[in-house]
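# A look at the structure
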Amino acid sequence: MTTDKNKLLYDSSENDTVSNFTNSNLDNNPILECKNLVKSYANAEALKGIDLTINRGRIVGLLGPNGSGKSTIIKLANGLLTPSSGEILIAGNKPGIETKKIVSYLPERTYLNDWMKVSDVINFFKDFYDNFNAEKAYEMLQKLNINPNDKLKTMSKGTKEKVQLILVMSREADLYLLDEPIAGVDPAARDYILNTIITNYNENATIIISTHLISDIERVLDDVVFISYGKIFLTKSVDEIREDEGKSVDTLFREVFKC
Amino acid sequence: MLGKLMKYEIKATGRTLIPLYIALLAFAIINKIFIGTGLSHKLEGFGSIPFILSIFAYGCTMAAVFIVTFFVIIQRFYKNLLGDEGYLMNTLPVTTITNITSKLSIATFWNIISGFIAVLSIIIMAFNADAFSRFFYEFFQAFSDGYAQFGIQVYIVITEVIIAILVQLIKSIAMIYASISIGHLFSKHRILSSFGAFIVLNLITAAISSAIGIAFSLSNLSTLFDNLESSWPIHLVLIFTILFNLIFFIAYFIITNYILKNKLNLE
Amino acid sequence: MSWTFNDDRPIYIQLMEQIQLRIISGVYKVGDKLPSVRDMASDASVNPNTMQKALTELERTGLVFSQRTSGRFITEDSNMIKHIRNHLAKEQIEKFLYNIGKIGYTKQEIIQLLETISKEMK
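Procedures and definitions
- One numbering rule holds for all chains: residues counted from 1, following each sequence as written.
- Chains carry letters and ligands carry numbers; both start at the beginning, A for chains and 1 for ligands, and go up in the order they are written.
- Side-chain atom pairs in this predicted model are given and counted only at pLDDT of 80 or more, local residue features only at pLDDT of at least 70, and totals for whole chains, interfaces and linings cover all residues.
- Placing a C-beta atom from the backbone of each residue, one calls two residues in contact when those atoms lie within 7 Å.
- Where helices and strands are cited, they refer to DSSP runs of H or I of at least four residues and of E of at least two residues respectively, numbered from the N terminus.
- Amino acids are sorted into nonpolar (Ala, Val, Leu, Ile, Met, Phe, Trp, Tyr, Cys and Pro), charged (Asp, Glu, Lys and Arg) and polar (every other residue, Gly among them).
- Think of each axis as a best-fit line through the C-alpha atoms, taken over the contacting stretch in the case of a helix, with angles from 0 to 180 degrees between the N-to-C directions.
- Any angle between 65 and 115 degrees counts as roughly perpendicular, while under 35 counts as roughly parallel, over 145 as roughly antiparallel, and the rest as oblique.
- As a per-residue measure, pLDDT reflects the predictor's confidence and takes values from 0 up to 100.

## A few points about unusual backbone geometry
Trans peptide bonds make up the majority, and among non-glycine residues the majority have a negative phi. Non-glycine residue Asn-36 of chain A carries a positive phi angle of around 50°. The phi torsion at Ser-45 of chain C lies on the positive side, around 60°, for a residue other than glycine.

Written out as structure tokens, the structure reads:
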């Protein structure tokens, strides 16, 4: 049951002091950096100058109301959008082929074409991503009783979303970007998704979850970033918020973003 | 990576086209049976209905092959790169150039195949051993006559013609891609804008072609054609057409690539 | 035993309390090997970093110790466990006495009441 990964966790604990809790520094550079990042469209400014640094080995919540800029930051990080000005760096690199290799992205919508079977899609991911772990994917599918020979066309929306999540989490990436992974999903599926996130955690990778459903995922987060109207409002660890404010992140969020 | 993308392109598009090809050839064979066995003449009245239906089905399928080829090219680009699947395709570790090239190459491939299958189906139907061998005899006779008169030039000209057709083909496809990409720049009425862009691009191409044509006829270059013994003018025209279309092809490709790389905005 | 958290206190502190409770009540026995951090985090549905923090803090108290290659273990020191058990019990009782004092019972009445009710509970 004990694996090498767990050994590393134990190693890191030997060096920790009370106040300075950090993860083992396999790789020291931040996984995501935004420097005065601006994204504007013809009729609106989606991001008005974002400064953000996110380190490895963290599970981070990107929290804000709809239209606050959460999705924009994620799309800029995976190269689907280009900055209007400023910089966004993934492991020190601008978004491009090298960063796409180490970023695993789960969008809000299904991006798989219908005519393929599940096994076809797995082969697709295997073809294009060196760090895709097909055995892990098959294992997870089996636990959910999804038959790899089924065509995606025949599946319900919920099942397709689970398949997508499995594909994304089966990549051994450095940065996972999950855009609203639990919105519109039934509670049992929600638990499964959160459990998948927890069990796939590794100290060299970071998971950024963008959502407006906070109370469900609070316990899974290390840090939270509040974003509103294209500006970062607050960056704190969940523990800090609970210790300093004596409230849950959800409560704080509701206070801060009261209409 | 390009090879892998092309593999998936063929899989995705072949599913639609290959059944059509099979259907077309099947109808051609059926029609051939009707014609060949003389049934078409012997049956009268109601008896000839199956034959008429068969010809009709063949005609429809032929039309379908070309229409569907055209639509597959458009829809594949639009849906796979600019629709929901774009969330996957544009986050793969490949360049936009690779993505565009994979689609363009397979689109060209199917265009050529569709043409071949169409011709093949006609040959099947019209196959008559005598007429065929006579046709081939005269065909090769023309070649050796041409060779006797002009020498190796004949084969060079033929090669140039084939290249010209190919370049014209990829230019057209690239123009379609550029139109769709330009339409993507608009946040509303994207399909309408794509059509508009297509029309505009066509007009621009036509305008430039005409301008060059007029300039050419007004200049002294046309006197070169008075001397028909030399085959140089033909080469010149063909090579010029090839270069001309090549430049447009590159321009459309650059437009498409720029938009996909820098101005992508998926819903 | 299932994990319950409220959301206005840091989770790692609540994890420490509940792991401590499991140790004291014998769910985790003396000298037992704990599951991996990942498994425990998954079981409690919390962030592995948080579980790690809780376990590290528990190591500091001595209730738990880790061996480089083999993992984390519950202490063998049953005296320590007994101590903590007594301390917790004392805390609960003091809280109880304080609250019941507000209702106005005397010490004798409280002891009699405790006996009656615990007989009923059996």
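Still more ground to cover, so stick around.
## Looking at the interface of chain C and chain A
Each side of the interface is counted separately: chain C has 23 residues, and chain A has 28 residues. Contributions of two or more residues to the side of chain C that touches chain A are made by α1 (11-24), α2 (37-44) and α3 (48-61) of chain C. Here the element with the most residues in the side of chain C that touches chain A is α3 of chain C; it accounts for five residues. Its residues assigned to classes, the side of chain C that touches chain A comprises eight nonpolar, nine polar and six charged.

## Some points on the packing of helix α3 (residues 49-82) of chain B against helix α5 (residues 96-126) of chain B
The angle between the axes and the distance between the axes are what describe a pair of packed helices. Residues and elements named next belong to chain B. In contact at an axis separation of 10 Å, α3 and α5 are set at 175° when each is read in the N-to-C sense. What the angle tells us is that α3 and α5 run roughly antiparallel. On α5, the residues that touch Met-62, Val-65, Phe-66, Thr-69, Val-72, Ile-73, Arg-76, Phe-77 and Leu-81 of α3 are Asn-99, Lys-103, Ala-107, Trp-110, Asn-111, Ser-114, Ile-117 and Ala-118. Per-class residue counts for the contact of α3 with α5 are 11 nonpolar, four polar and two charged.

## Overview of the environment of Arg-109 of chain A
With respect to the helices and strands, Arg-109 of chain A occurs in the loop between β5 (103-106) and α4 (118-128). Those residues in contact with Arg-109 of chain A that lie beyond four places of it in its chain are Asp-84 and Tyr-87 of chain B.

## Points about the confidence of the model for chain A
Here chain A shows a mean pLDDT of 86. Residues at 70 or above account for 89%. Confidence over residues 1-25 of chain A falls short of pLDDT 50; this stretch has 29 contacts with residues more than four positions distant or in other chains.

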